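# What the coordinates show
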Amino acid sequence: MQKLLKNEKFMNALVPICSALLGLLAGAIIMLISNYDPVKGYGALLDGIIGRPKAIGETIRAMTPLILAGLAVAFAYKAGLFNIGVEGQLLVGWFASVWVGYALKLPTIVHVPLAILVAAIAGGIWGLVPGLLKARFKVHEVIVTIMMNYIALYITGDLIKRYLYAGNEKSYSIQKSASLSSQLLASLTENSRLHFGIVVALIAAIIMWFILEKTTKGYELRSVGINQHASMYAGMNVSRNIVLSMTISGAFGGLAGAMEGLGTFGNMNVLSSFTGTGFDGIAVALLGANTSIGIILAAALFGGLKTAAPEMNFVARVPSELIDIIISLIIFFVASSYLIRWIFSRFSKEGE
Amino acid sequence: MDYVIEMNNIRKEFPGIVANDNITLQVKKGEIHALLGENGAGKSTLMNVLFGLYQPEKGEIKVKGQPVKITDPNVANRLGIGMVHQHFMLVQNFTVTENIILGSEPTAKGKINIAKATKEIEELSNRYGLAVDPNAKIEDISVGMQQRVEILKTLFRGAEILIFDEPTAALTPQEIKELIQIMKKLIQEGKSIILITHKLKEIMEVCDRCTVIRKGKGIDTVIVSETNPNELAALMVGREVDFEVVKKEPQPKDPVLDIRELVVLDPRNIPAVNGLDLTVRAGEIVGIAGVDGNGQTELIEAITGLRKAKSGTIHLNGRSITNLPVRKITESGIGHIPQDRHKHGLVLDFSIGENIVLQTYYQKPYSKSGILNYKSIYQKAKSLIKEFDVRTPSEYTPARALSGGNQQKAIIAREVDRSPELLIAAQPTRGLDVGAIEFIHSKLVEERDKGRAVLLVSLELDEVMNVSDRIAVIYEGKIVDIVNPKETNEQELGLLMAGGKREREGGS
């Protein structure tokens, strides 16, 4: 135990786990104060996350875009950049996937990968712009990506109305050949909306891990992310790495959009406000400590909580807003991880 | 009762190590007492115990003969113990007065009485000959002056015993002289000083007695006037130390680095290097001597490609490398030990292994078709760690976890291992202890003997004089003279560094 507590990797995993538990504990206290039964509430919540095949299916469906949004945030973060623009990259990716999915007639084996690829490219371009501005003119990426979010929101809406409008604020639906949804997965999970996007998300997680940890490019990106001066001294092209990391990050965001376009919905609405998934990606990356495996687990937790909120409301009468409070608290505890580390270091000293 | 501070048999443990093992330090009133030890010997721990930042496991502390328990720095302040930290704790855009009163503001009805404080500080400053302007902003005054503000801070709080933690590390030679005067003045006024250092010269010059600690143990307390630097070094390191860098006569061959009419602008667009000529030949060490800020940094940055040259040429083995990208220059055969190892030399959160391949990670065998080969990276790291005696738990340890000397050894291992035609060493021993300095100097000489060209840039005059085969004096961005270290002395170099001319004949 003593050794474990001094192990940095173990601590890195322990902090998010403790944060999640503390968040749930705080949620229970809030339920008690507001005269709800936490046992019943969490019972219903758990049931809504993994209680039935359909619940499992919906949880996995919800975590799919969260994984990709989390990867997008994490990838930029590893190169020392803060990509707040995942939401915008998701929207352009969503739109691009729907357009390709609707406008082309191709065999599935080509159509699905093509639509996914185009979504990634669209998101990549949306990340490239702030990357270029940062590298070339030192414009802070946070400002640019926030603005790019709004541009994406209104441009996609306008483009749907111009070219893809099916009425009732919706775009046309994609061709069957471009769809990620699956009869098999639906029947396995009592007709949930589960689709093959989870496979894409998991592959993307592996790709991120591989790029960052195994390739020379990833070595450069991490080096630039930690210490630009030393990277310059070592002869790396810092500007190019900034642009590259923002582009790849944006591509992950675009993929998240494709999951909605080709999987869950099969079309796109003229949105009046953001989906929030891109911003949730920040929380997912934070809780997942910017690692592939951590992001998958964090996305599962957040996806599950969001999916099961209505059931908790229905069964235990606990307002579903409590879930947002719990998620916020979890983020709070991760952000104040210093506190958790301090408590554990105290604990490990006492033990000697 | 003649001791103002007594720390008897202090023991302080941290998980896994004993930082102080039965150390006794006794300081007499009115003396400058040196605390000497290598990096990591336990000096800072002992002082932090005295200053109340750590609680000792065993031992007693007496101030003016009274046993005391110092539970936090406020208690230390009340007992008249003040610390002048190595890294200054000052608010950059506050005035001197505001910084000094911070935390103990003289107030009247909730309002700070700045005028009264300013007057008090001015009086203190005059009394101790500090010449500090209480109304100046910290960001506008020199490093040496900032240190005096730190000294004033302790005096303002009524310190009787001042602890100086490596006070000369950041100072120019001139500022060091002034600091020594200030310390002597403080003693005259009845204060006592504990000087933490590993610079033997300073101890010999200013201290009365010296307590040596090594690896957490108190070794001895000696009277400085009865000892000599060699004896002190031996006590500190635990073996005989050579100060004289042992080296054969240089065998210089063809020019490797050839700089002509070089002009480099600094960040404010003022020429920092201004028409500089310099040649370094294979098989010799050329040392650049100069006061900080005379273009040394910009010169190195221009050679290594980190800064663009405005005009002039830089040739390496006859080929122009002027304004090439850093990577091209590195590949053409330049090794660079940078002056700031944390900023430029290492990616601190990378492992030692990852740092060892910082410039070569994309080359075989460390990488093949874009995929890193960690096995060969860590193999290389392991062999270099052994060859250069880098003390680290393993090649997987983050560079951050190593001591300064071992971080520097890792950088030198990396740079030397690439077998560069030209090795640039900028302040290679800054902040390091005697053992590490000895090692680094011998490596530089070893490289020279292998027929490489070595360019040494240092603010330490001793280092330049001991290691170099030729000394080029830089002043206002130009090489003003080149002297033979055997035929010169500190006075002459100091004069040249200040822009004076060498007296070719006569005089004394």
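As the structure is a prediction and not an experimental result, all values here were calculated from the model.

With that settled, consider the sheet that holds strand β14 (residues 271-281) of chain B. One open sheet accounts for four strands, arranged β14-β13-β16-β17 (chain B); its pairing is antiparallel. What marks the edges here is a single partner per strand, and that holds for β14 and β17 (319-320) of chain B.

Let us now look at the sheet that holds strand β15 (residues 285-289) of chain B. Two orientations exist for strands paired in a sheet by backbone hydrogen bonds: parallel and antiparallel. Residue and element names in this part refer to chain B. Across the sheet, which stays open at both edges, the six strands sit in the order β18-β21-β22-β15-β23-β24 with mixed pairing between neighbours. This sheet does not close on itself; its edge strands, each paired only once, are β18 (334-337) and β24 (478-483). Each adjacent strand pair in this sheet contributes to an overall mean axis angle of 20°, direction not counted. Looking at chain direction, strand β23 (residues 470-475) and β24 are connected through five bridges and run antiparallel. Within β24, the residue paired with Ile474 across the bridge is Ile479. On top of the sheet, helix α9 (residues 296-304) reaches β15, β18, β21 (422-426), β22 (453-458) and β23; it is set at about 150° to β21, its chief contact.

Here we take up the packing of helix α9 (residues 197-214) of chain A against helix α14 (residues 292-316) of chain A. Residue and element names in this part refer to chain A. Their axes nearest at 9 Å, the elements α9 and α14 cross at an angle of 150°. With respect to each other, α9 and α14 are oriented roughly antiparallel. Of α14, the residues touching α9 (which contributes Ala205, Ile206, Met208 and Trp209) are Ser292, Ile295 and Ile296. Across the contact of α9 with α14, the residue classes tally to six nonpolar, one polar and no charged.

A separate point is the domain arrangement of chain B. Assigned domains of chain B: these are domain 1 (3-237) and domain 2 (242-333 + 454-501). The straight-line distance from the C-alpha centre of domain 1 of chain B to that of domain 2 of chain B is 36 Å.

Contact residues are listed per partner, giving 16 residues for chain A and 22 residues for chain B. Among the elements of the structure, α10 (216-226) and α11 (228-233) of chain A are those that each provide at least two residues to the side of chain A that touches chain B. It is α10 of chain A that contributes the most residues to the side of chain A that touches chain B, five residues altogether. Considered class by class, the residues forming the side of chain A that touches chain B number six nonpolar, six polar and four charged.

We now examine helix α13 (residues 277-287) of chain A. Residues and elements named next belong to chain A. Where burial is concerned, most of α13 is hidden: 10 out of the 11 residues are buried. Among the residues of α13, those classed as buried are Thr277, Gly278, Asp280, Gly281, Ile282, Ala283, Val284, Ala285, Leu286 and Leu287. Where α13 terminates, the next one or two residues include Ala289, which has phi positive at roughly 55°.

What follows covers the pairing of β15 of chain B. Consecutive side chains of a regular strand alternate in pointing toward one face of the sheet and then the other. Residue and element names in this part refer to chain B. Here β15 lies mainly inside the structure; five of its five residues are buried. The side-chain alternation of β15 yields two buried faces, one formed by Ile285, Gly287 and Ala289 and the other by Val286 and Ile288. Judged from the four bridges that link them, β15 and β23 form a sheet pairing that is parallel. What sits directly across from Ile288, in β23, is Ala472.

Moving on: unusual backbone geometry. Residue and element names in this part refer to chain B. Note that the residue after Lys364, namely Pro365, is joined by a cis bond; omega there is 0°. For Pro365, the position within the fold is in the loop between α12 (352-356) and β19 (367-368). A positive phi angle, close to 50°, is found at Asn9, a residue other than glycine. Looking at where Asn9 falls in the secondary structure, it is placed in strand β1 (residues 3-14).

A few words on the nonpolar core. Grouped together as the largest cluster of nonpolar side chains are 242 residues, with contacts concentrated most on Leu68, Leu71 and Leu255 of chain A together with Ile163 of chain B. The biggest single contributor to this core is helix α4 (residues 53-78) of chain A, with 14 residues. Mapped onto the domain boundaries, this core takes at least three residues apiece from domain 1 (3-237) and domain 2 (242-333 + 454-501) of chain B.

Here is what the cut-offs are and how they apply
Residues numbered from 1 in each chain as written. Chains lettered and ligands numbered in written order. Predicted model: local features only at pLDDT ≥ 70, side-chain atom pairs only at ≥ 80, totals over all residues. Pairing = 2+ DSSP bridges. Helix = DSSP H or I, 4+ residues; strand = E, 2+ residues; numbered from the N terminus. Axes fitted to C-alpha atoms, helices over the stretch in contact; angles between N-to-C directions. Contact = placed C-beta atoms within 7 Å. Parallel < 35°, antiparallel > 145°, perpendicular 65-115°, else oblique. Nonpolar A, V, L, I, M, F, W, Y, C, P; charged D, E, K, R; others polar. Domains from an automatic or database assignment. Buried ≥ 20, exposed ≤ 12 C-beta atoms within 10 Å, placed from the backbone. Core = buried A, V, L, I, M, F, W, Y, C linked by C-beta atoms within 7 Å.

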